[in-house]
Amino acid sequence: MQKKLDRKYLLFMLPAIIMVVALRFFPIGNALRMGFFDWNGYSQDMNFIGLDNFKEVLGDSYFWIALRNTLIYAFGITIVKNILGLALAFFVNNKFRGRSVIRATIYLPVMISGFIMGQIMYYFYQYNGGIFNEILIKLGMEPVYWMETGLGATIIVLLTTSFLHCGSTMLLYLAGLQNIPHELLESARLDGASKWKETLHITLPLLQPSMITSVVLNLIASFKIYDIITSLSGGGPDGGSTSLTLLISRYYFGYNRAGYAAAIAMLFFFVIIIISMPINKWLSSRKVEY
Amino acid sequence: MKKFLVCILCLVMALSVVACGGESETKSEGENAGTAQEGGKPSQAGSDTVNSLAGVTLEVAVNYTGDSLTAFQQICSAFESVYGATIVIDNYGSDYSSTMINRMAANNLPDVFVTAGWSLRRYKDYSLDLSDQEYCKDYDESALGVIQDTDGKIYVCMVSNGVNGNVVNLSVCEAAGVDPFAITTWDEFLDACAKIKAAGFTPIASNPDAGLTSNLAGTFLTYKGEVANVGEALKNGTWDWEEYMYLLKFYQTALKSEYFFKDARSINTNDMYERMAAGQAAFIISENTASIATLYSLNPNGNFTFAPFPASKAGGEEAVVSGEGDAFSIWKDSKNIDAAKVFLNYLATPEVSLKLLDATSRVSCQKATMAVDETPGTKALAVMQNNYKGHNIGYYNIWDREYLPSGMWAYMGTACNKLFADYTDSGLRAVIDFLRDGYKNVYVAE
């Protein structure tokens, strides 16, 4: 009887299993296979070269720059977006006139393509006639070449992405704030807790589920950052602000080195696994009890 | 919160509708009827051709944007209304190359597709031999040099050339006391830059781009009377890139002398045009004729002209390079080969191709069209020929398409970025090493 039931359950699971194998395991397996070939990405012929692509990647300075940048983007954007999102959530959780408009305004850039936002923000940072430099000149200061170095461009991309997309994080924290039981806050107030202590000992600990969701979602999204870099810095100067996703795309479609790009993608895949496993373990050990 | 969510949902839906409108487009006959006249009815479309392709759906992949896309849509609508076929336009825009690479890998191409300069080096194995088509007998020699394979076969219906050279802001040159029409060598070009800088302008508006390190390379390396002649070694894969130092030294001088904008490394292309149109700079190195139209649209009162690339030394040949402009191939395994051939014949008729050229500002390459072509690209080229009368100008196939394997263009772009980031002697050496390695990689892969 139990075996029959198990088989029935297995049948129910089959569509999901097929989907996961077809849409997850097959592409990953295929990318791994491609990494062992010298292939231009479109020819019907592939040349097996063993581990050569992987060896070459490890000696490629552009790979290491892109890996460094990807880690800066992933952790930097996650941290800045969470700090900003939390602060904004506290702000728009208060009742005041025009609150809905402000919430919508903060969220709006999230719905616009990163490519377009990058184009718009380019005119803020450009050296010659950019909005920020015009302000500096009006204040009697020298204009700054914000994107002169790779690190400078990386930080500009990081801050721009964080400021533009903090609306989604704000929304997560706002939902968390509105789920905190009022009686908890009221009893704290009756016990004479100050606003600061109320936030520190009740609100923030109870926001942990939102925080975990936000950190995980932002980390995943920031590892894949692509469009805003393309339009804001183009990955430059000299590849200095390139992310791994952009580098993979360049090698695959630009240099016609699909096998090499697949090798980078696989190494990137393992980097993400190595980073995400301890984070996932730590986050899942944090539980909130009311 | 509810109101907020409703607002957000409405905005998302509105944006989705707008976003969905830009991708793949199929037009019903009803929609086409109103625009049939705009696309122009082909002269040979007699009563026997009307609705002769009813029920056929052609998938056409293009990389057009803006006015060029609008013009192409109008042409397709007119074709649909005459022949009764349905055309689905896959507009891949800036993702064109990557999408087509994926479609080639899957061996599943559109019936008709733009070749974007790669009819021979990239798409040949997937394209139908069109050598027997009427329009192939009408190509100008300059076009045949670009699209004809070594065995004489032609795989593309090309209605225009993409012509590349330098662009000059004549107002800036005049204000600086520079005669751009007297420039014949890159050294004279640098002398002119010095005068322009002294007059308070930025001499060169260009940003680092593959065109700078590739399109004019022939004036140092392969054309008649230049400082080097390495064409053969390039083609057979034995070149060691050492002579490329001539071109790098030219840029080193320009960069050291601050002839580019201080933020040249991070200028985007729109910004570059805006600065040039606003009269901040005198030259853009390596641009096609279409950019003249762009500059005039930004500044109708400006005074711009197209110019050949100067020679690397006195007695060398100045050059204008041209490659595939508006060029279309048919997938050899298409189920609609006959209908696709009719469509390409339609595109090749002068009255139809002129509509496209008017929007793309490229230069016609079929004798029948050339005889009646007064579109902006052709005008720009004619004005150049008039301004540079008496100069020794050679007309060549675009350099990388002639001498470099597919995939090298991206290396040239990266090399240009490296050069702008570090133009010391060791930086130049690093650029040469990078290009040599890249050339080896893609030459083997090809």
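If you're wondering where the values come from, they're calculated on a predicted model, not measured in any experiment.

Rules used in this analysis
Residues numbered from 1 in each chain as written. Chains lettered and ligands numbered in written order. Predicted model: local features only at pLDDT ≥ 70, side-chain atom pairs only at ≥ 80, totals over all residues. Heavy atoms only, no water. Helix = DSSP H or I, 4+ residues; strand = E, 2+ residues; numbered from the N terminus. Buried < 20%, exposed > 50% of the residue type's maximum accessible area, 1.4 Å probe, protein only. Contact = heavy atoms within 4.5 Å. Areas by Shrake-Rupley, 256 points an atom, 1.4 Å probe, with all protein chains shown as cover. Lys, Arg positive; Asp, Glu negative; His and termini not counted. Charge placed at Lys NZ, Arg CZ, Asp CG, Glu CD. Phe/Tyr/Trp six-rings, centres within 6.5 Å; stacked < 30°, edge-to-face > 60°. Buried area = accessible area lost by both parts, 1.4 Å probe. Salt bridge = Lys/Arg side-chain N within 4 Å of Asp/Glu carboxyl O. Polar contact = N/O pair within 3.5 Å; in protein donor to acceptor, adjacent residues only side chain to side chain. Nonpolar A, V, L, I, M, F, W, Y, C, P; charged D, E, K, R; others polar. Core = buried A, V, L, I, M, F, W, Y, C linked by side-chain atoms within 4.5 Å. Domains from an automatic or database assignment. Expected span 1.5 Å × (residues − 1). Axes fitted to C-alpha atoms, helices over the stretch in contact; angles between N-to-C directions. Parallel < 35°, antiparallel > 145°, perpendicular 65-115°, else oblique. Left-handed = near helix turned anticlockwise from the far one by under 90°. pLDDT = per-residue confidence, 0-100. Pairing = 2+ DSSP bridges.

### So, the overall build of chain A
Part 1: Within chain A, the regular secondary structure consists of 13 helices and two strands.
Part 2: When burial is assessed residue by residue, chain A has 42% of its 290 residues classed as buried.
Part 3: Contacts in chain A between residues far apart in sequence, at least 24 positions, make up 69% of those at least 6 positions apart.
Part 4: Carbon together with sulfur atoms contributes 69% to the accessible area of chain A, which is approximately 15,900 Å² in total.
Part 5: Measuring between centres, the 23 positive side-chain charges of chain A sit 12 Å from its 16 negative side-chain charges.

### Here we look at the packing of aromatic side chains
Part 1: Scanning the model with the defined rule gives 42 aromatic pairs over all chains in all.
Part 2: With 6.2 Å between their ring centres and 65° between their planes, Tyr62(A) and Phe434(B) make a pair best called edge-to-face. Remark: Phe434(B) occurs in helix H21 (residues 425-445) and Tyr62(A) occurs in helix H3 (residues 61-92); the pair is interchain, linking two chains.
Part 3: Residue Phe434(B) is classed as buried on the basis of its relative accessible area, which comes to 14%.
Part 4: Feature note: the residues Tyr64(B), Phe72(B), Phe79(B), Tyr83(B), Phe328(B), Phe343(B) and Tyr346(B) constitute an aromatic cluster, connected by ring pairs.

### Some details on the interface of chain B and chain A
Part 1: Across the boundary between the two partners, chain B contributes 42 residues, which contact 35 residues of chain A.
Part 2: The contact between chain B and chain A buries some 3,400 Å² in all, and 57% of this surface belongs to carbon and sulfur atoms.
Part 3: The interface formed by chain B and chain A holds one salt bridge in total.
Part 4: The closest approach of N and O atoms between Glu148(A) and Arg265(B), which form a salt bridge, is 3.9 Å.
Part 5: For the interface between chain B and chain A, the tally reads 12 residue pairs in polar contact (both at pLDDT 80 or more).
Part 6: Counting residues per element, the ones that place at least two in the side of chain B that touches chain A are helix H1 (2-20), helix H5 (96-105), helix H13 (269-277), helix H20 (408-421) and H21 of chain B.
Part 7: In terms of residue class, the side of chain B that touches chain A is built from 20 nonpolar, 13 polar and nine charged.

### Details of the side chain of Asn82(A)
Residue and element names in this part refer to chain A.
Part 1: Relative to the helices and strands, Asn 82 resides in helix H3.
Part 2: In terms of polar contacts, Asn 82 uses its side chain to reach the side chain of Tyr 173, at 2.7 Å.
Part 3: Here Asn 82 is in contact with Ile 77, Thr 169, Tyr 173, Ser 214, Val 215 and Asn 218, once residues within four sequence places are set aside.

### Observations concerning unusual backbone geometry
All names here are of chain B.
Part 1: The phi angle at Ala 116 is positive, at roughly 50°, despite the residue not being glycine.
Part 2: When you line up the elements, Ala 116 lands in the loop between strand E4 (112-114) and helix H6 (141-147).
Part 3: Residue Ala 116 is classed as partly exposed on the basis of its relative accessible area, which comes to 28%.
Part 4: Unusually for a residue other than glycine, Ser 361 sits at a positive phi of about 55°.
Part 5: Looking at the element boundaries, Ser 361 is found in the loop between helix H16 (350-360) and strand E12 (363-364).
Part 6: Overall, Ser 361 belongs to the buried group, its relative accessible area being 4%.

### Here's the deal with the nonpolar core
Part 1: Counting 191 residues, the largest nonpolar core has Phe72(B), Tyr139(B), Tyr244(B) and Phe343(B) as the members making the most contacts within it.
Part 2: Top contributing element to this core by residue count: helix H13 (residues 258-285) of chain A, with 11 residues.
Part 3: In terms of nonpolar packing, the next biggest core, distinct from the first, is built from 16 residues, Leu177(A), Ala188(A), Leu206(A) and Leu207(A) among them.

### What to know about the domain arrangement of chain B
Residues and elements named next belong to chain B.
Part 1: Per the domain assignment, the segments making up chain B are domain 1 (48-162 + 324-378) and domain 2 (164-321 + 390-445).
Part 2: The partner domain 2 presents 13 residues to the 13 residues of domain 1 that form the contact.
Part 3: Summing the contributions of domain 1 and of domain 2, the shared interface buries around 960 Å²; its carbon and sulfur component is 47%.
Part 4: At the boundary of domain 1 and domain 2, one finds zero salt bridges.
Part 5: Between domain 1 and domain 2 we count two residue pairs in polar contact (both at pLDDT 80 or more) in total.
Part 6: Taken together, the residues that form the side of domain 1 that touches domain 2 break down as four nonpolar, six polar and three charged.

### A closer look at helix H15 (residues 337-348) of chain B
Part 1: Here H15(B) spans 16 Å end to end across 12 residues, near enough to the 16 Å set by a 1.5 Å rise per residue.
Part 2: Along H15(B), the residues that are buried comprise Ile337(B), Ala339(B), Ala340(B), Phe343(B), Leu344(B), Tyr346(B), Leu347(B) and Ala348(B).

### Side note on the pattern of salt bridges
All names here are of chain B.
Part 1: Scanning the entire structure with this criterion turns up 19 salt bridges over all chains.
Part 2: One salt bridge in this structure joins Arg 275 and Asp 271, with 2.9 Å as the shortest N-O distance. Placement of both Arg 275 and Asp 271 in helix H13 is noted, with a separation of four residues, approximately one turn of the helix.
Part 3: In this structure Asp 271 comes out as buried when scored by relative accessible area, which is 3%.
Part 4: The shortest N-O distance in the salt bridge between Asp 400 and Arg 401 comes to 2.6 Å.

### Here we look at the side chain of Ser353(B)
Part 1: Among the secondary structure elements, Ser353(B) is positioned in helix H16.
Part 2: Discounting residues that sit within four places of it in the chain, Ser353(B) has contacts with Val159(B), Leu347(B), Ala348(B) and Thr369(B).

### Considering the packing of helix H4 (residues 66-83) of chain B against H15(B)
Residues and elements named next belong to chain B.
Part 1: The interhelical angle for the contact between H4 and H15, taken along N-to-C directions, is 120°, at an axis separation of 11 Å. Relative to H15, the element H4 lies oblique. Of the two possible hands of crossing, H4 and H15 adopt the one that is right-handed. Every residue of H15 that contacts H4 at Phe 72, Ile 75, Cys 76, Ala 78, Phe 79 and Tyr 83 is listed here: Val 342, Phe 343, Tyr 346 and Leu 347.
Part 2: Here the residues of the contact of H4 with H15 sort into 10 nonpolar, no polar and no charged.

### What to know about the confidence of the model for chain B
Note: predicted coordinates in regions of low pLDDT should not be interpreted at a detailed level.
All names here are of chain B.
Part 1: Averaged over every residue, the pLDDT of chain B is 85; the share at 70 or more is 88%.
Part 2: Across chain B, element-level confidence peaks in strand E7 (residues 202-204) with a mean pLDDT of 97 and bottoms out in helix H2 (residues 29-33) with 35.
Part 3: When the criterion is pLDDT under 50, residues 1-45 qualifies, and its contacts beyond four places in sequence or with other chains add up to 68 contacts.
Part 4: The complex prediction reports pTM at 0.77, with the ipTM value standing at 0.71.

### A short note on the packing of H3(A) against helix H7 (residues 150-178) of chain A
All names here are of chain A.
Part 1: Look at H3 against H7: their axes get within 5 Å of each other, and the N-to-C directions meet at 40°. One way to sum up the angle between H3 and H7 is to call them oblique. Read as a crossing pair, H3 and H7 show a hand that is right-handed.
Part 2: Each residue belonging to the contact of H3 with H7 can be placed in one class, and the counts come to 19 nonpolar, 10 polar and one charged.

### Digging into the pairing of strand E11 (residues 327-330) of chain B
All names here are of chain B.
Part 1: Here E11 shows a buried face lined by Ala 327 and Ser 329 and a second buried face lined by Phe 328 and Ile 330.
Part 2: Summarising the sheet, E4 and E11 pair through three bridges and their orientation is antiparallel. Note on E11: the bridge partner recorded for Val 112 is Ile 330.
Part 3: Note that strand E5 (residues 157-158) and E11 share two bridges and pair antiparallel. Paired with Met 158 across the two strands is Ala 327, which belongs to E11.

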